[in-house]
Each structure stands twice: as structure tokens, then as C-alpha cells.
2 protein chains.
Amino acid sequence: VRIVVDAMGGDFAPQAAVEGAVAAARDFGHGIILVGREDDIRRELSLYDPDGLDMNVVHAPDVIEMDELAPAAAVRSTPDSSVSRGMSLVRDGTANAFVTVGHTGAGLAGAMFRLGRIHGVRRPALATPFPTLRGPCVMVDIGANTDVRPEHLLQFAIMGASYAELVLGITRPRVGLVSNGEERGKGTSDVKEAVPLLESSGLNYVGNVEGHDIPLGNVDVAVLDGFTGNVLIKFAEGAGSLVGRLLRDAATGDPVATVGGLLMRGSLARMRERMDYRAYGGAVLLGVRGVVIIGHGRSDAEGVKTAVRVAARAVQADLVGTIAAGIARAPGLGAGPIQ
Amino acid sequence: VRIVVDAMGGDFAPQAAVEGAVAAARDFGHGIILVGREDDIRRELSLYDPDGLDMNVVHAPDVIEMDELAPAAAVRSTPDSSVSRGMSLVRDGTANAFVTVGHTGAGLAGAMFRLGRIHGVRRPALATPFPTLRGPCVMVDIGANTDVRPEHLLQFAIMGASYAELVLGITRPRVGLVSNGEERGKGTSDVKEAVPLLESSGLNYVGNVEGHDIPLGNVDVAVLDGFTGNVLIKFAEGAGSLVGRLLRDAATGDPVATVGGLLMRGSLARMRERMDYRAYGGAVLLGVRGVVIIGHGRSDAEGVKTAVRVAARAVQADLVGTIAAGIARAPGLGAGPIQ
């Protein structure tokens, strides 16, 4: 397995990306191609001992900044950016997967332009494993598609289930359609129309689920439009910060609590770890012709290393081929015009 | 102020409703009308000492159960239900507000049928204060309207801001439109079209906000369609259960942590209290001709008492009149056909 790592993406580029890539090459034995400004990458690489590792550097002089407001236009106009160059390496077969902790929109646009969609996929979707009471739940879509149609929701379900099964190792994942009520008649018109499609999909569809079913772990795949999914995942992130802050307050509120907080420190750290969705390597873009992992911009080297591990597993399990087969099997959903 | 309390609503009816109503009458001096099965109510009342309190009982033999799947039809077909009778008491001026911790859909339907909409309001909306890092944020709509149009979002903002100002005491509340990005160009087509309406509304509109801005307290009013709002509030509820469970695990994981957990107990209880959205009395239905509070079905007597307090404040501050004036002032949004 050979994996492209975008050296210029993320809040701590190129340090975190290079350090994480070196660690992945060393610990997992994967081939790594670092793409970005060669001088910056070589300077960073010199801090480690990459001898004997299967690592290459591909120069890409342009950088798409984390605060770029028009990422699609930026990707189009910079064929020499790390994103464009890196995706091209996957397209031409030099590498099997692309990993970035950079701009989500740029990763999305780069994948669409350079890799293209899997035959039959109407809309690629962003998925992320979310930690719950009973293991991770794949939330899909978390932001690639703002306005969706029922057939898109079906495809999100097929792709999300493939990811849950192949990458997270969940056998016959329980798929739920997120709605504002469990009853069949609840939901937007698109959600209601998606229900019969899911029922006849052959997936392990468990019906409409509500917001609380996600953190409680009642489904393995939670299907959402990208607007709701994006609001939800960001809400969860903010709520996580809030809980962290409240716990710090609670552990320093008075002298007794402070002692208690010290004694609970290890235990609370383990709890935080268990709930850290970055432990899963970040979001994956499903439905394009290649494995694309887009980790959180704040990822450290450990986060990048995890993203590489997830990417390699997706390649080895043939996630792309499995999605293609699943989409081809879905009734009445062959390749259609771009919608 | 005279407030109708639905004695038959909620998981602990009639006990919680009656006990809470008695406490509210005693501690706040409000007039209370308990509506429901008279025998049940009188039996429950006999456990307390209601002498000298301004309390009345109105008999309503029918009950709409918490698991009713077709609440609108149930309300229509049972003019003798506690919901229908109670709403009628508000409509005819006998009382000023209706409080229930029963079926949300039944409360909504009863208010629509019996009270009707405020002149100019296209769609009444459910709002709830949500605890954040910096005080409560009013989330509106959390489930009354699944499919909404831009002008509905504007009305939700106007109504939510009135509630934040009059009931929560927030001067010139910061209003944010929840979207999948802060930029103007982000969002569903309805969200994008709502932006100019909000910009020219005269409200303290701070722009598009993202999911994390709610728990972080960056807005006082978060405007959402009822589908997204419902998924979000239920997700938050599930996440709250998850955190509670994880904290219990963390406080019992090993002997050291167990001692720590005991020492932190008071501090953690205060944290839970600070985050308990039931402390705000539950959801309020905005846009109908009367004050309607719909508390959580699991509310205990304290929850009912709080809901009565909130209802009374809304009456005293003339929430309904203020919303009517705000809607009338909004440009191009006079009374229209029901949409």
C-alpha cells in the first residue's frame, strides 16, 4: 500500500503531517509519498531518521490555506497545489490513497476534479465515525451535500455501510435514517421518500432513528443530509468543548473537588480518549475513485498517523470496489446525469 | 395571572402535575386551574394542603396518552380531553396560559385548533432555552415545522428574540441563523434566502453560525428549521445521557478514581444542574394566541412548577402582544394564507 500524505494541510503543517507520516511508515511499513513544498518537507524530515523507510517527496509549490473561502476555485486554479498533485498520484495509480488534515472543501473539490465519482454514484459524501456508548457510529453525510434527494440518501447508506463493515469491522451494520420521529410518516419529504428505497435496499435498515439514537449507539450508520449532518457534528464538537470546560470547572471548584479531580485525572483522561473522534482518523470521502481521508485540521502527528492507518485499511479491504459493487446492485440507480 | 395546568400530561401524571401546580400556587401566588379527570385530581390534591390557594379543578374526562401516534387527530376527536378543555379556557379568557408536560404533538395541535395563530404568523414554532457556556440560547424551531421557507425562518427569529428578551431577560439578543458554514453563501437554498430577510429585520442578527456556536454560547437565539432543530435537541439529550454514563464509569473505574468521584460528587451535581435544560421549564410554543409551555414528559413536580413560573413571566411580559407587534413590523410579512 502506498499512501499520499498532504504535507501542507492542517493547522500544524508541515510538522504534524511529516512526523505522522514518518511514524506510519516506520510502524506500519506502508509506502508514503509526502506532497508539498519540497524544501519545507526535507527540512522537517531531517529531524527524523527516515533511512530505510519507503518514503518519497513530490514537490508541489502551491498551498491552499486553511481559511480559503473558495476552495473549489482554488483547487481548479492551482494544479501545482499539494492537493491537486497528490490526487493526481492516486488517479494515475502511483499511490492508493490520499490523506490530508487540511482544508475539507479543498480535499473534496480535489477528489471530485482529479479522481471523479465511482460509476453510478450521484453524490460523494463525507462520513465520520462518531464515538457512542456502544462503539463508533458512522455519520454520513456530514457536509459534502447541502441539498439532497431521496436517492442520494440511499447511496449514502450503501456507502456508509460499506465503510462500517470494511474499515470499522462491524458485521451487517445497523443502518438508520435520521429523522424527527421514529414513525414512517415523520421527516422532510426527501426523508419520507427515502424510506421505501432503504427498505428494499438489502441493507440492515432498522428504520427512522432520532437524534439521541446516535450517541446512545442504537445504530452503526446514521444517514443524514449534509446540512443536518454538518450542524450535528459541529454541535457535538462544541458540546465536547463545553463538557471539557465544565469538568475542569468541576474539578477546581472547591478544595475537596480539586483533590477529587486529581484522583480522577487518569480516569477522566481515558474517558476523553474514548470519546475522541479523532481516534478514528477523521472523515472519509465516500463515492470517489480512490480512498480519501480528510482528518481534522487540528490533528497532531498521532492524528495523521491514525489517518494513514485508516486509509491503508480501506485500501486493503477494497472499499472503493465494494462501494462500486453496492451501488451497481442498488435497484434503479445506475449511472445518471450529474445532479 | 391564571394558569391552566394539564393534570393528565407527562410520564408521572397526575402526581407531578398536581404537586407542581400546588407548589406554584403556594410559592408564586398564581391562580391555577387543574384540568383533567376530576376524581384523579381531587384524590391527588387531598395529599397536599391546598386551602387558601387560588386553585380550581375543571373536569375533562378524556386523556391523550404519551404514546399517541396521531396527536392532531386525537385532539380533534376529543373535545373533552384535558388539552382541548385547557386551551379553551385560555381562548375564552378564563386563563392566561396553558402548561403541560404531556404529548408535544397534542399540545401543538390543541393550540393551533383552539387558540389559533397570532395575526401575521405563518407558522408557530417550538422554542427551548438550551444551556451553554454563557447562559441559555433559545433554539427555535425544535420540531413544529419539518419543511420551512425563508420567511418562516425570519418569523422564528422574531419570535425567538422576543422570548429571549422578555422571558430570559437578554437585552438585544444576538440572533444567528444556523448553517453549515459561516459564509453568506453557505446553507440550503432556504437558509441562503433567509439571510437578507434577517439582515433587514432590525434584529441583532450576527450572521450565519455553525453547530458549535450553540453550546459555546456565541448566540442567544439559534434559528433552525424544525427538522434540524429536532434532530439537534434530541442528539443533545442523548449526548447528555452518554456523558452522564461515562462520568459514572470514570468515577468507579478503579479504587483511586472511586475516591475521586466521591470527592467530586457535589461539584459534578452542580455541573449537571447547570446543564439541565429542564431548569428552564421546557419548550414554549411561539406564534399562537396564548402562552403555551410544553415541558419534558419526564418532568417531576419541580419541572411543572418551573414551567408555571416561566408561563407566568411570559404572560406578565406580554410575550404574545410583543410577538404580534414584531411580526406586524416585519417588512412584507403581513397575514398571508396558511402555508
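So, how was this worked out
Residues numbered from 1 in each chain as written. Chains lettered and ligands numbered in written order. Predicted model: local features only at pLDDT ≥ 70, side-chain atom pairs only at ≥ 80, totals over all residues. Heavy atoms only, no water. 1 Å grid on protein atoms, 1.4 Å probe; cavity = no way out; pocket = protein on both sides within 12 Å on 5 of 7 lines; lining within 4 Å. Points joined across faces, edges and corners; volume = space filled by probe spheres on them. Nonpolar A, V, L, I, M, F, W, Y, C, P; charged D, E, K, R; others polar. Core = buried A, V, L, I, M, F, W, Y, C linked by side-chain atoms within 4.5 Å. Buried < 20%, exposed > 50% of the residue type's maximum accessible area, 1.4 Å probe, protein only. Least-squares fit on C-alpha atoms with pLDDT ≥ 70 in both. Contact = heavy atoms within 4.5 Å. Buried area = accessible area lost by both parts, 1.4 Å probe. Salt bridge = Lys/Arg side-chain N within 4 Å of Asp/Glu carboxyl O. Polar contact = N/O pair within 3.5 Å; in protein donor to acceptor, adjacent residues only side chain to side chain. Helix = DSSP H or I, 4+ residues; strand = E, 2+ residues; numbered from the N terminus. Lys, Arg positive; Asp, Glu negative; His and termini not counted. Arc of directions from axis to C-beta.

### Let's talk about empty space enclosed by the protein
All names here are of chain A. Scanning the entire structure with this criterion turns up 5 cavities of 30 Å³ or more. The calculated volume of the largest cavity comes to roughly 70 Å³. Taken together, 13 residues form the lining of the largest cavity, with Asp6, Gly9, Ile64, Val83 and His103 sitting closest to its centre. Looking at side-chain class alone, the lining of the largest cavity contains 6 nonpolar, 6 polar and 1 charged residues.

### Observations concerning the nonpolar core
One finds Val5(A), Leu34(A), Val5(B) and Leu34(B) to be the most contacted residues of the largest nonpolar core, which totals 197 residues. Ala250(A), Leu268(A), Val243(B) and Met271(B) belong to the second largest nonpolar core, which has 19 residues in total.

### Some points on the relation of the copies chain B and chain A
Mapping chain B onto chain A calls for a rotation angle of 180° and an axial translation of 0.0 Å; the resulting RMSD is 0.1 Å. Taken together, the turn and the small shift mark the pair as related by a two-fold rotation axis. By C-alpha distance to the rotation axis, the residue of chain B lying nearest is Gly260(B), at 1.9 Å. When the interface residues of chain B are mapped onto chain A, 100% of them again fall at the interface, so both copies present the same face.

### Quick notes on the interface of chain B and chain A
The figure often quoted for interface size is the accessible area lost as the parts come together. Tallying the contact residues gives 55 residues for chain B and 55 residues for chain A. Among the residues of chain B in contact with chain A, Phe227(B), Phe235(B) and Met264(B) are the three that bury the most area, contributing 15% of the side total. Viewed at the interface, chain A and chain B are joined by 4 salt bridges. Between Glu210(B) and Lys234(A) there is a salt bridge whose closest N-O contact spans 2.2 Å. Summed over the shared surface of chain B and chain A, the result is 10 residue pairs in polar contact (both at pLDDT 80 or more). Secondary-structure elements contributing two or more residues to the side of chain B that touches chain A are β5 (125-132), α7 (189-199), α8 (226-250), α9 (255-263) and α10 (265-274) of chain B. Take the side of chain B that touches chain A: its biggest share by element is 18 residues, from α8(B). Partitioning the side of chain B that touches chain A into residue classes produces 29 nonpolar, 16 polar and 10 charged.

### Let's talk about the side chain of Arg123(A)
All names here are of chain A. Tracing the sequence through the fold places arginine 123 in the loop between α5 (104-115) and β5 (125-132). Aspartate 141 is the oppositely charged side chain nearest to the buried, salt-bridge-free arginine 123, at an N-O distance of 7.0 Å. A distance of 3.4 Å separates polar atoms of two side chains, one belonging to arginine 123 and the other to asparagine 145. A polar contact is formed between the side chain of arginine 123 and the backbone oxygen of aspartate 147, at a distance of 2.9 Å.

### As for the environment of Ala236(B)
Position of Ala236(B) relative to the elements: it lies in helix α8. Look at Ala236(B) and you get buried, because its relative accessible area is 14%. Along the sequence, Ala236(B) and Pro215(B) sit 21 residues apart, while their C-alpha atoms lie 9.7 Å from each other. Beyond its immediate stretch of four places on either side in the chain, Ala236(B) contacts Phe235(A) and Phe130(B).

### Focus on unusual backbone geometry
Residues and elements named next belong to chain B. The omega torsion across alanine 13 and proline 14 is -5°, close enough to zero to call that bond cis. Residue placement: proline 14 occurs in the loop between β1 (2-6) and α1 (15-28). Note the cis peptide between valine 140 and aspartate 141, where omega equals 10°. Among the secondary structure elements, aspartate 141 is positioned in the loop between β6 (135-140) and α6 (150-166). Unlike most non-glycine residues, arginine 172 shows phi in positive territory, near 40°. In this structure, arginine 172 sits in the loop between α6 and β7 (174-178). Exposure remark for arginine 172: the relative accessible area of 48% places this residue in the partly exposed category.

### Here we look at helix α12 (residues 319-329) of chain B
Residue and element names in this part refer to chain B. Here α12 has its buried residues at Leu319, Ile323, Gly326 and Ile327. The buried residues of α12 occupy one face: seen down the axis, they fall within an arc of 95°. Of the residues in α12, the exposed ones pointing more than 90 degrees away from the buried face are Ala328 and Arg329. Elements that come into contact with the buried residues of α12 comprise α6, β10 (283-286) and α11 (301-316).

By themselves, these observations are geometric and do not establish any function.
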